[in-house]
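Coordinate analysis (summary)
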Amino acid sequence: MAILNILRYPDPRLHKVAKPVTVFDERLEKLVADMAETMYDAPGIGLAASQVDVHEQLLVIDITETKDDLVTYINPEIIWASDEKQVYDEGCLSVPGVYDGVERHAKIKVRALDVKGQPFEVEADGLLAVCIQHEMDHLLGKVFVEYLSPLKRNRIKTKMIKEERGLEREAQLRAQGRRY
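Residues numbered from 1 in each chain as written. Predicted model: local features only at pLDDT ≥ 70, side-chain atom pairs only at ≥ 80, totals over all residues. Heavy atoms only, no water.

A look at the pairing of strand β7 (residues 119–125)
Each regular strand displays side chains that alternate between the two surfaces of the sheet. As paired elements, strand β6 (residues 107–113) and β7 share seven bridges and run antiparallel to each other. From the neighbouring strand, K109 faces β7, where its bridge partner is E123. Here β6 folds back onto β7, and the loop between the two strands holds five residues, one of which, G117, carries a positive phi near 90°. (Pairing = 2+ DSSP bridges. Helix = DSSP H or I, 4+ residues; strand = E, 2+ residues; numbered from the N terminus.)

Spelled out as structure tokens, the structure:
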């Protein structure tokens, strides 16, 4: 297993639309394992393949405190959503340190495939419903900050760009053997 690089907003690759998974093989199983390790290491509760620059319809989610209930959703689709909405403070591994309220369906029903290609359905509410909808947005090329006002979104974008420049500068200094 390996820790994968998580793309950071506003990286344009986060806006690519994912394609359906059609081959269920060892490569897919390794990708799922690597994504799970990356998500747990980050630490996070969900990760879409799009966030690690693999533009396939694949999510890994584990909302448990004990981190022992990983669920893989391949080619997920929401087949029912409640009219009732709720607002949750969301964060994202691609937008580290940023949290804000996003309105989503309070309850959903999702159909997906597991890593072996077997179909299953899940009814979700609360945090799981929010997490599934958030991660599915990534597959459509959408990041949660796009639900926020243009002013907030621009502030976040500026902050992320500044942080990325700082990380790049630190890496350059380290490579030169200098302290930062």
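Next comes the rest of the description.
What to know about the pattern of salt bridges
Tallying each qualifying case throughout the model produces 14 salt bridges. Where R8 meets E163, a salt bridge forms, and the shortest distance between an N and an O atom there is 2.9 Å. Remark: E163 occurs in helix α3 (residues 150–175) and R8 occurs in the segment before α1 (26–41); sequence separation between them is 155 residues. A salt bridge links E163 to K159, with the nearest nitrogen and oxygen atoms 3.9 Å apart. On the criterion of helical spacing, the pair formed by E163 and K159 is a turn pair, its members being four residues apart in helix α3. (Salt bridge = Lys/Arg side-chain N within 4 Å of Asp/Glu carboxyl O.)

Points about the side chain of N75
Within the secondary structure, N75 is located in strand β3 (residues 71–81). The class of N75 is buried, set by a relative accessible area of 19%. Setting aside residues up to four positions removed in sequence, N75 forms contacts with P20, V21, Q57, R111, A112 and L113. (Buried < 20%, exposed > 50% of the residue type's maximum accessible area, 1.4 Å probe, protein only. Contact = heavy atoms within 4.5 Å.)

Remarks on the packing of aromatic side chains
Tallied over the entire structure, the rule returns one aromatic pair. Between Y73 and F120, the ring centres sit 5.6 Å apart and the planes meet at 50°, which makes this aromatic pair tilted. Residue Y73 is located in strand β3, and its partner F120 is located in strand β7; the two are separated by 47 residues in the primary sequence. The exposure class assigned to Y73 is buried, which follows from its relative accessible area of 2%. Given a relative accessible area of 22%, F120 falls into the partly exposed group. Cation over ring: K142 sits above Y147, and NZ or CZ is 4.0 Å from the ring centre. (Phe/Tyr/Trp six-rings, centres within 6.5 Å; stacked < 30°, edge-to-face > 60°. Lys NZ or Arg CZ within 6 Å of the ring centre and 35° of its normal.)

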